[in-house]
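Coordinate inspection notes
Here is how the chains run, residue by residue.
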Amino acid sequence: MQDTATLTIDGQTYELPIVRGTEGEVAIDISSLRSRAKVITLDPGYANTGACTSTITFVDGEKGILRYRGYPIEQLAEYSSFVETAMLLIFGELPTKEERAEFRTMLGDQALLHEDLLHHFDGFPPNGHPMAILAAVINSLGTYYPDLLEIRSDEEFRQAVAKLISKVRTIAAFSYRKSRGLPIIYPDPRRSYCENFLHMMFSVPYREYTPTPEALRALSLFLLVHADHEQNCSCSTVRMVGSSEANLFASVSAGVSALWGRLHGGANSAVLTMLEQIRDGDLSVRECVERAKRKEFRLMGFGHRVYKNFDPRAKVLKAAAKRLLTSLNVQDDLLEIAQELEDIALSDDYFVERKLYPNVDFYSGIILRALGIPTNMFPVMFAMGRMPGWIAHWHEQFQDPNARIHRPRQIYMGPAQRDYIPMHARKRTS
Ligand code: SDX
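So, a few notes on the structure that sits alongside this text.

Calculation notes
- Residues numbered from 1 in each chain as written.
- Predicted model: local features only at pLDDT ≥ 70, side-chain atom pairs only at ≥ 80, totals over all residues.
- Heavy atoms only, no water.
- 1 Å grid on protein atoms, 1.4 Å probe; cavity = no way out; pocket = protein on both sides within 12 Å on 5 of 7 lines; lining within 4 Å.
- Points joined across faces, edges and corners; volume = space filled by probe spheres on them.
- Helix = DSSP H or I, 4+ residues; strand = E, 2+ residues; numbered from the N terminus.
- Nonpolar A, V, L, I, M, F, W, Y, C, P; charged D, E, K, R; others polar.
- Pairing = 2+ DSSP bridges.
- Axes fitted to C-alpha atoms, helices over the stretch in contact; angles between N-to-C directions.
- Buried < 20%, exposed > 50% of the residue type's maximum accessible area, 1.4 Å probe, protein only.
- Arc of directions from axis to C-beta.
- Contact = heavy atoms within 4.5 Å.

**So, the layout of surface pockets**
- Counted as a void, the second largest pocket has a volume near 260 Å³.
- Along the walls of the second largest pocket sit 15 residues, with Gly242, Glu245, Ala246, Trp394 and Phe398 positioned nearest its centre.
- The biggest single contributor to the lining of the second largest pocket is helix 18 (residues 378-398), with three residues.
- Looking at the lining of the second largest pocket residue by residue, the classes come out as seven nonpolar, four polar and four charged.

Below, the structure written as structure tokens:
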């Protein structure tokens, strides 16, 4: 196999190294291109550009494959849990029983927020969006743990990991309670990760909330399939911010902000809104598909930059949604509408030609809704799931001795040089 690519520009020929990945992916290393050929590449949206090499997650969009550290998402969904999968992503291997128990204790010990931090929540308006609160409070964690603004050892990294994985859950629950004018429910370290979250969300001082095993399994699965997805928009943001040697809290806070967008983590709540519009008669399923084909709007929860086949996470969540609703003996008409929308879209040439399939966001909202989580918290749940991936990627870059600050180039298309115009001589022609 060739180990270089040949590029010819203005009669000059350049040999560029080829990089080949574990799974046969091929890249042209252009890191010397500008210094040698005085040219750059242009790739708006980076659809054809690799920002780094990584050993964390592998996605094959054509085949609908997703693996965390080599383990297929289907097997992790079947046999693992969110916390175990988080450890796999961050530390590189499935934990031993002792490692798992030790980390679980760390998560329990780190669930509380500094009492002074609680005043932050009083300062936000009740209808403040929980993603804004999450980004702000995560960044402020650095003020309470200044020793972790610079991570100098594996132990300090483990401490920072436990703080972020555990406290993201507490911040999410506290922002929900505040928005509803409900008293804060403190974490209970005797409970598992997911049980503790639902306890903080839904217990009241006079009655503890005890979720069903199916609800706990559905939440763990939801978080697990969201745990990482290689160089997506929010992960690339975390890497970009971390590349300037910004601290871990600031970097993942930036990831929360990137995830908030409707085209990314905000899609799960947009899917619910779309399904509710259909249910409430504003739109039939067929009209929804036809309007999407006329490009009047996007079918939320459909399509993906990488998956040109079924998103394997959508399959896992679709089955989990059905199991959860059956166990709760709940008939959610939105699930039926989602299924009908999927069937119609997947038999329509517009979607088939563009390889638009349901993505991770299409069914996730059905699960969250069944768990009683309000729609505006759906992106927060995505962020809670994605925290391990952000941390793993930040750390992979942090550990890389060859890592450089991200500083893309551009092609300037603005005015050529011109002289300053004194105020009296300025006039608007158009
Ligand atoms: C996530 O990157 C990741 O890994 C993200 C994620 C993760 O885990 O981090 O997987 C999570 O963000 C999932 C995606 C959630 N977003 C949505 O569901 C929003 C709806 N989907 C789209 O807006 C869109 O599909 C994107 C943003 C997901 C991908 O956009 P691309 O790759 O830039 O696709 P494109 O805009 O170039 O579209 C290609 C064609 C266009 O039609 P033509 O111009 O070729 O005629 O497909 C059409 C688009 O109009 N199209 C859609 C569509 N998505 C693309 N048409 C209708 N409905 C859609 N959802």
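The rest of the description comes next.
**Things to note about the sheet that holds strand 6 (residues 71-72)**
- Spatially, three strands are ordered 4-5-6 in an open sheet, and the strand pairing comes out antiparallel. Among the strands making up the open sheet, the edge pair consists of strand 4 (57-60) and strand 6.
- Pairing of strand 4 with strand 5 (residues 65-68), which is carried by four bridges, proceeds in the antiparallel orientation. Looking across to strand 5, one finds that phenylalanine 58 is bridged to arginine 67.

**Focus: the sheet that holds strand 1 (residues 4-9)**
- Strand order in the open sheet formed by three strands is 1-2-3, with antiparallel pairing between adjacent strands. Each edge of the open sheet is held by one strand with a lone partner, namely strand 1 and strand 3 (26-28). Strand-to-strand, the axes of this sheet are offset by a mean angle of 30 degrees, without reference to chain direction.
- As defined by bridge partners, strand 2 (residues 12-20) adjoins strand 3 across three bridges and the pair is classed as antiparallel. Bridging across to strand 3, valine 19 finds its partner in alanine 27.

**Let's talk about helix 10 (residues 233-242)**
- All buried positions along helix 10 are accounted for by Ser234, Cys235, Val238, Arg239 and Gly242. Burial along helix 10 is one-sided: seen end-on, the buried residues are contained in an arc of 145 degrees.
- Close packing links the buried residues of helix 10 with helix 11 (248-259) and helix 18.

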